[in-house]
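Structure at a glance
In case you want the letters, here they are:
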Amino acid sequence: MKPLYAFYGDDFTGSTDVLEQLAEGGVPAVLFLRKPDAALRARFAEARAIGLAGDSRSRSPDWMDANLPGVFDALSDGAVVHYKTCSTFDSAPHIGSIGRAMDIGIRALGGPAAIVVGAPHLRRYVAFGNLFAAAGTEVFRIDRHPTMSRHPVTPMHEADLIRHLAAQTDARITLIALDRLHAGLADAAFSAAEKASDAVLFDGMTPDDLAVTGAVLLAHGVRFAVGSSGVTRALVSAWQAAGLIAGTPSHARAAAVDRLLVVSGSCSPVTGRQIARGVTGGYTAILADVAALLRGETAEEERLVRAAVGALTAQGRGTLYSAAGPLDASAAAAGERLGAALGRVTRAVVRETLLRRVLFAGGDTSSHGVAQLGIDALTWAAPVEPGAPLVRAHAADPAVDGLELVLKGGQMGGEDFFETVRRGG
């Protein structure tokens, strides 16, 4: 059976968010961590949705030109193919270019592409083409967001998403704004836009807005979509309304564990506060020598392994981290190399201790770190917090097979999030 839906996540964190939306809709799904061959896909033959976790948000346009055509080809049997971005849509012309990825997808799959960024379940909203995101109890325009406006790699300096994308692509983009959605004119607006547009951006403030959007995508047979897990929510609503899925939403709950390792390459102030709260709650904090890791010093990796094993043996709780909040603006971006080093440390700790649950914090850390664990695929296990579910690893290595992971963006979660993950929600 061909999948209803296939997606590529531009980082691992956002990829697991999609698994959560599908599980809540009762759609069997699997997330592959390598391009699946026939044998790997056959292991998950019941899946009606398939994904491939990637790291393109930290890659150059040249890398995308070389790699994304093959990705879209591998996923092309999905009725809809989704290039999954972070709900904060952070990207730049030189790195993580959503515009370049969209151009490649349109060439591979046809257009117009649908752009859906609003994800009200994550408190991300698009109104008249402008993106807003929550931080704590407040909602900010994205270019004034306390974290995303100062992101160390892709700071968001423009809230108007069409203007933001104009620096990355020459694609003609039309907006279907809230007033069209609410007046019942979204279908007619799309019909008019698709004749003269390469992509159509949908506003979205509420689940009802996403339901309208999903109905339009389904009615027009849209093959390619770009955006947050709002795309997934919109499609699940449309499939349910059309009777295409009849799965039972999962009501699984995670059990508590005695031991948890937190691995953080995030420099978000939110994660910084979580690290501080963890220390007061009994988590041994282990600060990495980032410069030594970036120089490839195996002695530093071994020191971190020994410290983490010691913390898990003594207290059952440890945090490996590279920063406890925002870096100086002059600090060089090193997400790939740092994430890979922390991933190697994590795998050594898991194999030595037979640890069963790990929390990764930070998009780049999650992508490049988890890639070091030798995992073939992930499936959804249980909810923890919206956008950061518990997922289960499938791997040839017995020490890694069955490992439970939570992959969270740096700005996600309350101050006691580490304990929330350890307790299982």
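Residues numbered from 1 in each chain as written. Predicted model: local features only at pLDDT ≥ 70, side-chain atom pairs only at ≥ 80, totals over all residues. Heavy atoms only, no water.

1. A short note on the overall build of the protein chain
Along the backbone of the protein chain there are 15 helices and 18 strands. The globule rule puts the C-alpha radius of gyration for 425 residues at 22 Å, and the 20 Å found for the protein chain is close to it. In terms of principal-axis extent, the alpha carbons of the protein chain reach across some 65 × 45 × 40 Å. Out of the 425 residues in the protein chain, the part that is buried amounts to 59%. A total of about 15,700 Å² of accessible surface is found on the protein chain, and carbon and sulfur atoms cover 52% of it. Positive and negative side-chain charges in the protein chain, numbering 40 and 44 respectively, have mean positions lying 3 Å apart. (Helix = DSSP H or I, 4+ residues; strand = E, 2+ residues; numbered from the N terminus. Rg over C-alpha atoms; globule rule 2.2 N^0.38 Å. Buried < 20%, exposed > 50% of the residue type's maximum accessible area, 1.4 Å probe, protein only. Areas by Shrake-Rupley, 256 points an atom, 1.4 Å probe, with all protein chains shown as cover. Lys, Arg positive; Asp, Glu negative; His and termini not counted. Charge placed at Lys NZ, Arg CZ, Asp CG, Glu CD.)

2. So, the pattern of salt bridges
Under the defined criterion, the tally for this structure stands at 28 salt bridges. The partner of Arg172 in a salt bridge is Asp198, and the shortest N-O contact between them spans 3.1 Å. Here Arg172, found in the loop between helix 5 (161-166) and strand 9 (173-176), pairs with Asp198, found in the loop between helix 7 (186-194) and strand 10 (199-202); they are 26 residues apart in sequence, far enough to count as distant. Residue Arg306 pairs with Glu352 through a salt bridge whose shortest N-O separation is 2.5 Å. Note that Arg306 is positioned in helix 12 (residues 298-314) and Glu352 in helix 13 (residues 335-353), a separation of 46 residues in sequence. (Salt bridge = Lys/Arg side-chain N within 4 Å of Asp/Glu carboxyl O.)

3. Quick look at the nonpolar core
In globular proteins that are soluble, nonpolar side chains generally tend to be buried together. Counting 71 residues, the largest nonpolar core has Tyr5, Leu22, Phe202, Trp239, Ile375, Leu378 and Leu405 as its most contacted members. Formed by 42 residues, the second largest nonpolar core is a distinct cluster that contains Tyr8, Phe89, Met102 and Leu165. (Core = buried A, V, L, I, M, F, W, Y, C linked by side-chain atoms within 4.5 Å.)

4. Some points on unusual backbone geometry
The omega torsion of the bond from Gly111 to Pro112 falls at 5 degrees, within 30 degrees of zero and hence cis. On the secondary structure map, Pro112 appears in the loop between helix 4 (98-109) and strand 5 (113-116). Its identity as a non-glycine residue notwithstanding, Phe89 has a phi of 60 degrees, on the positive side. Its identity as a non-glycine residue notwithstanding, Phe128 has a phi of 50 degrees, on the positive side.

5. Side note on the pairing of strand 7 (residues 130-135)
Sheet topology note: the strand 6 (residues 124-127)/strand 7 ladder contains four bridges and is antiparallel. Within the sheet, the bridge partner assigned to Arg124 lies in strand 7 and is Ala133. Between strand 6 and strand 7, which pair antiparallel and follow one another directly, the connecting turn spans two residues, one of which, Phe128, has a positive phi of 50 degrees. Note that strand 7 and strand 8 (residues 138-141) share four bridges and pair antiparallel. Bridging across to strand 8, Ala133 finds its partner in Phe140. (Pairing = 2+ DSSP bridges.)

6. Points about the sheet that holds strand 8
Hydrogen bonds between backbone groups are what pair the strands of a sheet, and the pairing can be parallel or antiparallel. Strand order in this open sheet of three strands is 6-7-8, and the pairing throughout is antiparallel. Two strands bound the open sheet, and with one partner strand each, they are strand 6 and strand 8. Taken over all neighbouring pairs, the strand axes of this sheet differ in orientation by 30 degrees on average, direction set aside. (Axes fitted to C-alpha atoms, helices over the stretch in contact; angles between N-to-C directions.)

7. Details of the environment of Gly296
Topologically, Gly296 is positioned in the loop between helix 11 (290-294) and helix 12. Measuring from C-alpha to C-alpha, the distance between Gly296 and Gly409 comes to 25 Å, with 113 residues separating the pair along the chain.

8. A few points about the packing of aromatic side chains
Summed over the entire model, instances satisfying the criterion amount to eight aromatic pairs. Relative to Phe224, the ring of Phe72 has its centre 5.4 Å away and its plane inclined at 80 degrees; by these criteria the two rings are edge-to-face. Here the residue Phe72 occupies a position in helix 3 (residues 61-74), and Phe224 occupies one in strand 11 (residues 224-227), the gap between them amounting to 152 residues. Classification of Phe72 as buried rests on a relative accessible area of 0%. (Phe/Tyr/Trp six-rings, centres within 6.5 Å; stacked < 30°, edge-to-face > 60°.)

9. With respect to the packing of helix 1 (residues 12-24) against helix 9 (residues 230-242)
It is the contact of helix 1 with helix 9, at a shortest axis distance of 9 Å, that shows an interaxial angle of 20 degrees. Of the possible angle classes, the one that applies to helix 1 and helix 9 is roughly parallel. In this structure, helix 1 meets helix 9 at a crossing whose hand is right-handed. Every residue of helix 9 that contacts helix 1 at Val18, Gln21, Leu22 and Glu24 is listed here: Thr232, Arg233, Val236 and Trp239. Classifying every residue of the contact of helix 1 with helix 9 by side-chain character gives four nonpolar, two polar and two charged. (Parallel < 35°, antiparallel > 145°, perpendicular 65-115°, else oblique. Left-handed = near helix turned anticlockwise from the far one by under 90°. Contact = heavy atoms within 4.5 Å. Nonpolar A, V, L, I, M, F, W, Y, C, P; charged D, E, K, R; others polar.)

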